[in-house]
Amino acid sequence: MTETNSGPASANGSAAKAAATSANGTETKASSTRGEWPLYEVFVRGKRGLNHVHVGSLHAADDQMALHHARDVYTRRNEGVSIWVVRAADITASSPDEKDPMFAPSGDKVYRHPTFYDIPSDVPHM
Amino acid sequence: MTTQVNDNRYDEAQLQVQFDATIEAKDRIEPRDWMPEAYRKTLIRQVAQHAHSEIIGMQPEGNWISRAPSLRRKAILLAKVQDEAGHGLYLYSAAETLGATRNELTEKLVAGRQKYSSIFNYPTLSYTDVGTIGWLVDGAAICNQVPLCRTSFGPYGRAMIRICKEESFHQRQGYELLMTMMRGTEAQREMVQESVNRFWWPSLMMFGPPDDNSPNTEQSMAWGIKTHTNDELRQKFVDMSVPQAEALGVTFPDENLKWNEERGHYDFSTPNWDEFWDVVKGNGPCNEQRVAHRKRAWDEGAWVREAALAFAENQAAEEAAK
Ligand SMILES: [Fe+2]
Ligand SMILES: [Fe+2]
C-alpha cells in the first residue's frame, strides 16, 4: 500500500544562543537547541471580559509566525478572541527556590481579605 | 570541599521530602520544581512516546484524505488529522518543559531510538478503516488519556485535558461513519465487519503488556504519572466497546468474549502478545514505512526551517538599522 500524505512542518532552525527559562519553566540549552526556532509562550483571551491565560508554547522563526502558529495550534475551535505571544527568553519568572521569601509579604496580611472583618449579619449589602 | 558535598546531599534529601509531600497530597509538580532525575527521565520518555504517537498517527488516516468519498467526509478527516498534529505539539511542548528539545525528540524518533504506539504500524486498507480507527483506536486512546488528566506533572496533565476535549469528536465521527456504512449495502456492512476484525486485537494491545509483564507500572503509579494498570484499562475498554458493537451490528473476533456475571465484566481471550512484541521490535506491517515517511518530511523540510529563520534574522537586522 502507498500512503501519500506529508508529515507536519516541524519546528527547527538555527542558533538559540543564551540559555533561557520561560515562565513555563522550559530551559533551553544553547548546545542542544542548535538549529531550533525560538520558543514562544502563548496566551489566549477566551472571550471579551476575561484575562489572557497561558495555554502552552510553540516554536516559530519570528513573532508573526508565532501568532499564526498559535492560532492553528491553540484556537481551532473558537477558544479565543485575542492571542498574545512572547519569546520565552524574554519572560522573567520568580524562582521556585525563593518561594517562601518571595510570597511571605502577603502571607501574614490577613487584614487584606474581606473575611478579616466581623460585621453583624443584620447589616445589609455588605 | 567535603562540606559542600554534604550540604548538597542534605539539600537533596530536603527537596526529595518536599517532592514526596507534593505527590502524596496529589498536588502537581511544575517544571521549575526540583524533581528526582528518574522521574524526569521517565516522564520525558512517556510524554515523547505519546507525542510521537500523535504525529505518526496522522499517517494511516492521512492516507485517505485525498480519497474521502465526499467533501463532508474530507473536511472531517482533515480536521481530525490536523487535531492529531495539534496533540503532538501540545505534548512536545510538555516534554520541552522537562528540558528535552524538540529537535532531539524528533531525531530520536526518526533514528528509531524512541517508540510510538504500535497500533500505527498497521495499514489502513480501506476507507472504512478511518471509521474503525475513530471508534476503536481513538476510543482506546480516550480510555488511556482521561485518567492522565490528573497526572502529577502539571504541563502533561494540562496537555491531556486539551487533548481529551478534542478526542470525543474523533470517536464520534468514526462511529457515525461506520453507522452510515451499516445502513448501506450488504457489501458495505461486510467492509465494516472486516475492518473491525483487523483492528480489534491491535486496539486491545494499545494498553500495553499485561500487568505481570509491565515492570515500570509500580513506580509510575507511585509517582502519579500513571493511575490505572494496563489490564484495568483494557478491561474498561472491552466493557465499553461491547454494547457499542451491538448497537452498530458488528461482532468482535473473539469467541470467548462474554459477560461474566460474577466479575461484573466481560471475559475475553488473551491478546497475541508475541505479535505485540514483534511489532514493538519493528517487525509490524508498516514500521519502516512510518518512520521513513517522518524522516523524509523532517529532512526535506530542513531548508524551509532554515530559510524562515534567515528571513526572520534579516527582518530583525533591517528593523534595527532603521
Ligand atoms: Fe490524538
Ligand atoms: Fe484522536
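Check the entry above for the structure.
Since the structure is predicted, the reported quantities are computational estimates derived from the model, not experimental observations. (Residues numbered from 1 in each chain as written. Chains lettered and ligands numbered in written order. Predicted model: local features only at pLDDT ≥ 70, side-chain atom pairs only at ≥ 80, totals over all residues. Heavy atoms only, no water.)

A. Seen up close, the overall build of chain B. Summing up its helical and strand segments, chain B has 13 helices and two strands in all. Taking the principal axes of the C-alpha coordinates as reference, chain B spans close to 80 × 65 × 35 Å. Counting all 322 residues of chain B, 54% fall into the buried class. As displayed, chain B offers around 15500 Å² of accessible surface, 54% of which is attributable to carbon and sulfur atoms. (Helix = DSSP H or I, 4+ residues; strand = E, 2+ residues; numbered from the N terminus. Buried < 20%, exposed > 50% of the residue type's maximum accessible area, 1.4 Å probe, protein only. Areas by Shrake-Rupley, 256 points an atom, 1.4 Å probe, with all protein chains shown as cover.)

B. Helix α5 (residues 102–110) of chain B, seen in detail. All of the buried residues along α5(B) are Arg102(B), Asn103(B), Leu105(B), Thr106(B), Leu109(B) and Val110(B). Down the axis of α5(B), the buried set is contained in an arc of 165°. They therefore lie on one face. Next to the buried residues of α5(B) lie β4 (52–59) of chain A together with α2 (37–56), α4 (71–96) and α12 (287–300) of chain B. Downstream of α5(B) by a residue or two, Gly112(B) has a phi angle that is positive, lying close to 75°. (Arc of directions from axis to C-beta. Contact = heavy atoms within 4.5 Å.)

C. Just the coordination of the iron ion (ligand 1), in detail. All names here are of chain B. The protein atoms donating to the iron ion (ligand 1) are Glu54 (OE), Glu84 (OE), His87 (ND1) and Glu167 (OE), with metal-donor distances spanning 2.1 to 2.3 Å. One way to put it: the four donor atoms around the iron ion (ligand 1) meet at angles of 82 to 151°, and that makes the site irregular. Counting the intervening residues between successive donors of the iron ion (ligand 1) yields the motif E-x29-E-x2-H-x79-E. Taken as a pair, the iron ion (ligand 1) and the iron ion (ligand 2) show a spacing of 3.3 Å, with Glu84 coordinating each metal. Taken together, the residues span a long stretch of sequence, with Glu54 in helix α2 and His87 in helix α4 at a distance of 33 residues. The burial state of Glu54 is the same as that of His87; both residues are buried. (Donors = N, O, S within 2.8 Å, 3.2 Å for Na, K, Ca; no water. Tetrahedral: all angles 85-135°; square planar, octahedral: opposite > 155°, others 65-115°.)

D. Region of interest: the pattern of salt bridges. A full pass over the atoms with the stated rule returns 20 salt bridges over all chains. Across the salt bridge formed by Arg71(A) and Asp72(A), the nearest N and O atoms sit 3.0 Å from each other. Through salt bridges with shared partners, a single ionic network connects Arg76(A), Arg77(A), Asp83(B) and Glu166(B). (Salt bridge = Lys/Arg side-chain N within 4 Å of Asp/Glu carboxyl O.)

E. Seen up close, the packing of α12(B) against helix α13 (residues 302–321) of chain B. Residue and element names in this part refer to chain B. At their nearest, the axes of α12 and α13 sit 4 Å apart, and the two run at 35° to each other. Residues Trp298, Asp299 and Glu300 of α12 touch α13, and the partners they reach there are Ala302, Trp303 and Arg305. Of the residues belonging to the contact of α12 with α13, the class tally is three nonpolar, no polar and three charged. (Axes fitted to C-alpha atoms, helices over the stretch in contact; angles between N-to-C directions. Nonpolar A, V, L, I, M, F, W, Y, C, P; charged D, E, K, R; others polar.)

F. How the structure looks around the coordination of the iron ion (ligand 2). All names here are of chain B. On the protein side, the iron ion (ligand 2) has Glu84 (OE), Asp138 (OD), Glu167 (OE) and His170 (ND1) as donor atoms, found 2.0 to 2.2 Å from it. Taken together, the four donor atoms coordinating the iron ion (ligand 2) and their angles of 83 to 170° define a geometry best described as irregular. For the iron ion (ligand 2), all donor residues lie on one chain, and their spacing in sequence is E-x53-D-x28-E-x2-H. Relative accessible area serves as the criterion here: at 0%, His170 is assigned to the buried category.

G. Structural context of the sheet that holds strand β3 (residues 39–45) of chain A. Residue and element names in this part refer to chain A. Strand order across the open sheet formed by three strands is β4-β3-β5, with antiparallel pairing between neighbours. Of all the strands in the sheet, the pair left with one neighbour each is β4 and β5 (82–87). Within the sheet, the average angular offset between the axes of one strand and its neighbour, ignoring direction, is 25°. As paired strands, β3 and β5 are joined by six bridges and run antiparallel to one another. Each residue of the ladder has a partner; that of Phe43, found in β5, is Trp84. (Pairing = 2+ DSSP bridges.)

H. Here's a closer look at the packing of α2(B) against α4(B). Residues and elements named next belong to chain B. The contact between α2 and α4 brings their axes to 7 Å, and the two run at 160°. Compared by their axis directions, α2 and α4 come out roughly antiparallel. For the pair α2 and α4, the crossing hand works out as left-handed. Across the interface between the two elements, Val47, His50, Ala51, His52, Glu54 and Ile55 of α2 pack against Glu84, Ala85, His87, Gly88, Leu91, Tyr92, Ala94 and Ala95 of α4. (Parallel < 35°, antiparallel > 145°, perpendicular 65-115°, else oblique. Left-handed = near helix turned anticlockwise from the far one by under 90°.)

I. Structural detail: the packing of aromatic side chains. All names here are of chain B. Within this structure, the stated rule accounts for 15 aromatic pairs over all chains. Each ring, one from Trp135 and one from Phe252, has its centre 5.8 Å from the other, and the planes form 25°; the classification is stacked. On the criterion of sequence distance, the pair formed by Trp135 in helix α6 (residues 128–145) and Phe252 in the loop between α10 (230–248) and β1 (258–260) is long-range, its members being 117 residues apart. Here the two residues Trp135 and Phe252 agree in accessibility, since each one is buried. Seen in terms of ring centroids, Phe207 and Phe237 are 5.4 Å apart; in terms of plane orientation they differ by 45°. Their pairing is tilted. On the criterion of sequence distance, the pair formed by Phe207 in the loop between α8 (186–205) and α9 (217–222) and Phe237 in helix α10 is long-range, its members being 30 residues apart. Across the pair, Phe237 and Phe207 agree in class, each one buried. Between the NZ or CZ atom of Arg67 and the centre of the ring of Trp64, over which it lies, the distance is 4.3 Å. Above the plane of the ring of Trp298 lies Arg305, whose end atom (NZ or CZ) is 3.9 Å from the centre. (Phe/Tyr/Trp six-rings, centres within 6.5 Å; stacked < 30°, edge-to-face > 60°. Lys NZ or Arg CZ within 6 Å of the ring centre and 35° of its normal.)

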